[in-house]
Amino acid sequence: MRAFDRIASNIPLYGDNLLALPDRVKAQAQDIHFKAGQPVAVCGREGVVFLKQEVSTAGIQELFFHICGQSVFSHEEEIRQGYVQVDGLCRAGICGTAVLESGRIKGLRDVTSIVFRIPRDSPGCGDRLFLSGVDFMGGALIAGEPGSGKTTLLRDIARSLSLGRFGPGRRVAVLDSRGELGAFDLGPLSDVLRNCPKAAGFEMAIRSLSPEIILCDELAPGDIEAVKNAARAGVGLIATLHSGADPRGRRICQELLSTGAFGALITLKGRESPCQVLSVERIGGEPTLRESRAG
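This write-up is about the structure you can find in this document. (Residues numbered from 1 in each chain as written. Predicted model: local features only at pLDDT ≥ 70, side-chain atom pairs only at ≥ 80, totals over all residues. Heavy atoms only, no water.)

Time to look at the nonpolar core. Core analysis: the largest hydrophobic core is formed by 34 residues, its most contacted members being Leu-18, Phe-34, Ile-114 and Phe-116. Of all hydrophobic cores here, the second largest spans 26 residues; its members include Leu-141, Leu-175, Ala-261 and Phe-262. (Core = buried A, V, L, I, M, F, W, Y, C linked by side-chain atoms within 4.5 Å. Buried < 20%, exposed > 50% of the residue type's maximum accessible area, 1.4 Å probe, protein only.)

Among the secondary structure elements, Glu-281 is positioned in strand β13 (residues 277-282). At a separation of 2.8 Å, a polar atom in the side chain of Glu-281 contacts the side chain of Arg-248. (Helix = DSSP H or I, 4+ residues; strand = E, 2+ residues; numbered from the N terminus. Polar contact = N/O pair within 3.5 Å; in protein donor to acceptor, adjacent residues only side chain to side chain.)

Attention shifts here to the packing of aromatic side chains. Counted by the stated rule, this structure contains 5 aromatic pairs. Ring centres 5.8 Å apart and planes at 55 degrees place the aromatic pair Phe-64 and Phe-65 in the tilted group. Ring centres of Phe-130 and Phe-136 lie 4.8 Å apart, and the angle between their planes is 50 degrees; this geometry places the pair in the tilted category. Given the relative accessible area of 3%, Phe-136 is considered buried. Through successive ring pairs, a cluster of aromatic residues spans Tyr-14, Phe-34 and Phe-116. (Phe/Tyr/Trp six-rings, centres within 6.5 Å; stacked < 30°, edge-to-face > 60°.)

For Leu-13, which is not glycine, the phi torsion reads 75 degrees and is therefore positive. Taking the relative accessible area as the measure of exposure, Leu-13 reaches 48% and is therefore partly exposed. We note that Asp-110 has phi near 50 degrees; this positive angle belongs to a residue other than glycine. In this fold, Asp-110 is placed in strand β6 (residues 104-117).

Our focus in this paragraph is helix α4 (residues 57-67). Gly-59, Ile-60, Leu-63, Phe-64 and Ile-67 are the residues of α4 that are buried. Buried residues of α4 fall within an arc of 135 degrees about the axis and therefore sit on the same side. In α4, the exposed residues that point more than 90 degrees away from the buried face are Thr-57 and Ala-58. A positive backbone phi angle near 65 degrees is found at Gly-69, which sits one or two residues after α4. (Arc of directions from axis to C-beta.)

With that settled, the discussion passes to the pattern of salt bridges. The final tally for this structure, using the stated rule, is 19 salt bridges. Arg-91 is the partner of Glu-218 in a salt bridge, and the nearest nitrogen-oxygen pair spans 3.4 Å. Here Glu-218 is found in the loop between β10 (213-216) and α9 (224-232), whereas its partner Arg-91 is found in strand β5 (residues 90-101), with 127 residues between them in sequence. On the accessibility criterion, Arg-91 (7% relative accessible area) is buried. Between Arg-171 and Glu-212 there is a salt bridge, with the nearest N and O atoms lying 3.7 Å from each other. (Salt bridge = Lys/Arg side-chain N within 4 Å of Asp/Glu carboxyl O.)

Pairing in this open sheet of 6 strands is antiparallel, and the strands run β3-β2-β1-β6-β5-β4 from one edge to the other. Each edge of the sheet is formed by a strand with only one pairing partner; in this case those strands are β3 (47-54) and β4 (83-86). Each neighbouring strand pair of the sheet contributes to a mean axis angle of 30 degrees, computed without reference to strand direction. By the bridge criterion, 5 bridges tie strand β2 (residues 39-44) to β3 in an arrangement that is antiparallel. (Pairing = 2+ DSSP bridges. Axes fitted to C-alpha atoms, helices over the stretch in contact; angles between N-to-C directions.)

Within helix α8 (residues 198-208) the residues assigned to the buried category are Lys-198, Gly-201, Phe-202 and Ala-205. Buried residues of α8 fall within an arc of 100 degrees about the axis and therefore sit on the same side. The outward face of α8, more than 90 degrees from its buried face, is lined by the exposed residues Arg-207 and Ser-208. Where α8 is buried, its residues meet β8 (172-176), β9 (190-194), β10, α9 and β11 (236-242). One or two residues past the end of α8 sits Ser-210, with phi positive at roughly 50 degrees. (Contact = heavy atoms within 4.5 Å.)

Tracing the backbone through its elements, the reader meets Ile-206 in helix α8. Overall, Ile-206 belongs to the partly exposed group, its relative accessible area being 29%. In the structure, Ile-206 is positioned 29 residues away from Val-235 in sequence and 8.0 Å away in space, judged by C-alpha atoms. Among all residues touching Ile-206, those that are not within four sequence positions of it are Pro-211, Ile-214, Ala-230, Ala-233 and Val-235.

Among the structural elements, Asn-229 can be located in helix α9. Sequence-wise, Asn-229 and Ala-261 are 32 residues apart; in three dimensions their C-alpha atoms are separated by 9.1 Å.

This is the structure:
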C-alpha cells in the first residue's frame, strides 16, 4: 500500500474521499492540509487539489484528538515543537494558538490546521552520490529547502549502506526523533532509535549499538555539541539541514562544518526537483559535482 493510502486510511471523516482520489494525484502528493472552515487540500509537485468536503471546527478537533490517540498529554513534547507523530506513519504539523511560559512555547490550543506530510521512499535515488565517490564514512551534510527530498535521500543512503550495495555492509544507527525516517525498510544492518532527542540518541547509539555510521534528520543549533561528540567518537555522521541554495550562508551550516564531522556538503536543487543534487562539495577541497538548476 502506498504511503498516501496508508495515511488516508487512518484519517477519520475524510479518509474515504482521500482514498477515492486518482492515482496520479496520490503519486505526486507531498502533504494533506486540513484547515477549519476550508476544503481539504492535497498539495503536490503539480499543484493543489481541493476536495469538495469542507473541514469543520468540530472536525479539526476530532482529527487532532484522533492522531493523539485521545491523549494530548502523551504527545505534549511533540506538540510543543509543532507536530504529532502519527502511529509511525508520518508527522502531522499542528497550527493553532501558542501557549507561552517564561517566553517559551509550552503548548498549543485552539488547533486550526493539521498538515500530514507524505513520506516518500525512492530506492536508488542516492546511487549517484555513491557512484560519484562521496565517502559517507567520512560524514556528509545534506542541505536543502523543505520538500527538496532530504529525508527521502537519507533513507535511501541508509538502506544502501546497510545492504552493502556499494561496498561492505555497514552498521547504521538511525536517530528517528520525529518518526519519519523509519517508516520504510532500511535494510538488515540499520537499527532505528525512535522518539529520542538527538543529544541522548547519539550517546545511546554509540554506547549500545556499535554503529559505524549514524544518520539523523534536521539538525538545529542545539545539536552542535552532540555532533562534536559523535565526531570525537570516530563514527561517521550523515545528517540533513534546512537551507536554500547557499547553505554556507547560514551560520549553523558553518558551525556544523567546523566540527570536523562532515567530509562532504551535499546541496539539493529544491522542492521542484526532489532528491536531485545541485552540488557536492568536499570540505576543505574542490567540488566533486555541480549542476545547474535546470540540469
